[in-house]
Amino acid sequence: MSKEKFSTLTSTLIPLPVENIDTDQIIPARFLKATTREGFGDNLFRDWRYDGDGNSKPDFVLNKAKYSGKILVAGKNFGCGSSREHAAWALYDYGFRVVISSFFADIFKNNALNNALLPVQVSDAFLKKLFASVENNPATEVTVNLESQTVKLPDGSSESFEINPYKKACLINGYDDIDYLLSQREAIREFDLIHS
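Residues numbered from 1 in each chain as written. Predicted model: local features only at pLDDT ≥ 70, side-chain atom pairs only at ≥ 80, totals over all residues. Heavy atoms only, no water.

## Some details on the packing of helix α3 (residues 86-94) against helix α4 (residues 106-114)
Packed helices, taken two at a time, are described by their axes: the angle between them and the distance between them.
Alright, step 1. Remark: α3 packs on α4, axes separated minimally by 8 Å, with the N-to-C direction vectors making an angle of 50°. Here α3 lies oblique to α4, going by the angle between them. The interaxial crossing formed by α3 with α4 has right-handed handedness. On α4, the residues that touch A87, A88 and L91 of α3 are F108, N111 and A112. (Axes fitted to C-alpha atoms, helices over the stretch in contact; angles between N-to-C directions. Helix = DSSP H or I, 4+ residues; strand = E, 2+ residues; numbered from the N terminus. Parallel < 35°, antiparallel > 145°, perpendicular 65-115°, else oblique. Left-handed = near helix turned anticlockwise from the far one by under 90°. Contact = heavy atoms within 4.5 Å.)

See below:
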């Protein structure tokens, strides 16, 4: 299934300055019964967002009206723990298109890239700057440019990030793995003709 194309996103940020956020905190195991990707956003950070009676916890960042946006900025070692792909599904279904951190668990990072969610790894210093910017002004907008692989703040400061070239091409074109192979049909045919 192809996804929406991603090239540049300018958005406000939702700050979650907590380190070692694991996939069970992102989407608790008791919500993994569904077989489709839709609806997981309702239970994103469920135990942090709601109390036992299902009431919103006013102190949690997703419940604060002053914060909004398609970019989640999280503490170091985001997505650790179990390998559940549902964590990426929940973040995407909630509306996030980018997660910025100074370190991602490898399996989460790959799951995110496979589900049109861009994990952007920045330095600890730049991450602190992002947190400070949104704390000073919740309306701060950041631009994530996938083509140039940069994250830019309104003051002009920016930092570059790494991404697998194949996954970059998939995100820019809205491809999943099958779509990418289909896009290479002619090259595959030519290779087959030359080498058969």
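## Digging into the sheet that holds strand β3 (residues 98-101)
Alright, step 1. Read from one edge of the open sheet, seven strands run β4-β3-β2-β1-β5-β6-β7, paired in mixed fashion. Two strands in the sheet have a free side with no partner beyond their single neighbour: β4 (118-121) and β7 (158-160). Each strand axis lies, on average, 25° off the axis of its neighbour in the sheet, ignoring direction.
Alright, step 2. The sheet contact formed by strand β1 (residues 8-16) and strand β5 (residues 141-145) spans five bridges and is antiparallel. Across the sheet, residue T12 finds its bridge partner in β5, namely E141. (Pairing = 2+ DSSP bridges.)

## Details of helix α6 (residues 165-173)
Alright, step 1. Three or more residues of α6 are buried, namely K167, K168, C170 and L171. For α6, the buried positions fall inside an angular range of 160° around the axis, keeping them on one side.
Alright, step 2. On the buried face of α6, the contacting elements are α4, β4 and α7 (177-183).
Alright, step 3. G174 sits one or two residues past α6 and shows a positive phi near 70°. (Buried < 20%, exposed > 50% of the residue type's maximum accessible area, 1.4 Å probe, protein only. Arc of directions from axis to C-beta.)

## Quick look at the packing of aromatic side chains
Alright, step 1. If you walk through the whole model with that rule in mind, you get eight aromatic pairs.
Alright, step 2. Considering the side-chain rings of F78 and F108, the 5.2 Å spacing of their centres and the 80° angle between planes classify their relative orientation as edge-to-face. In this pair, F78 sits in the loop between β2 (71-74) and α3 while F108 sits in helix α4, placing the two residues 30 residues apart along the sequence.
Alright, step 3. Its relative accessible area of 3% is what places F108 among the buried residues.
Alright, step 4. Between R97 and the ring centre of Y92, over which it is positioned, the NZ or CZ distance is 3.7 Å. (Phe/Tyr/Trp six-rings, centres within 6.5 Å; stacked < 30°, edge-to-face > 60°. Lys NZ or Arg CZ within 6 Å of the ring centre and 35° of its normal.)

## Some details on the side chain of K167
Alright, step 1. Along the polypeptide, K167 turns up in helix α6.
Alright, step 2. Here the side chain of K167 touches N114 through a polar contact of 2.3 Å, side chain to side chain.
Alright, step 3. Setting aside chain neighbours within four positions, we find K167 in contact with L113, N114 and D177. (Polar contact = N/O pair within 3.5 Å; in protein donor to acceptor, adjacent residues only side chain to side chain.)

## A few points about the pattern of salt bridges
Alright, step 1. One pass over the full model with this rule turns up five salt bridges.
Alright, step 2. For the salt bridge of E4 with R97, the shortest nitrogen-to-oxygen distance reads 3.4 Å. Taken together, the residues E4 in the segment before β1 and R97 in the loop between α3 and β3 connect sequence positions 93 residues apart.
Alright, step 3. Residue class for E4 comes out partly exposed when judged on its relative accessible area of 45%.
Alright, step 4. Note that R30 and D47 form a salt bridge whose closest N and O atoms lie 2.5 Å from each other. In this pair, R30 is assigned in the loop between α1 (23-26) and α2 (46-49) and D47 in helix α2, connecting sequence segments 17 residues apart.
Alright, step 5. With relative accessibility at 37%, the residue D47 sits in the partly exposed group. (Salt bridge = Lys/Arg side-chain N within 4 Å of Asp/Glu carboxyl O.)

Purely spatial values, then, with no claim about function.
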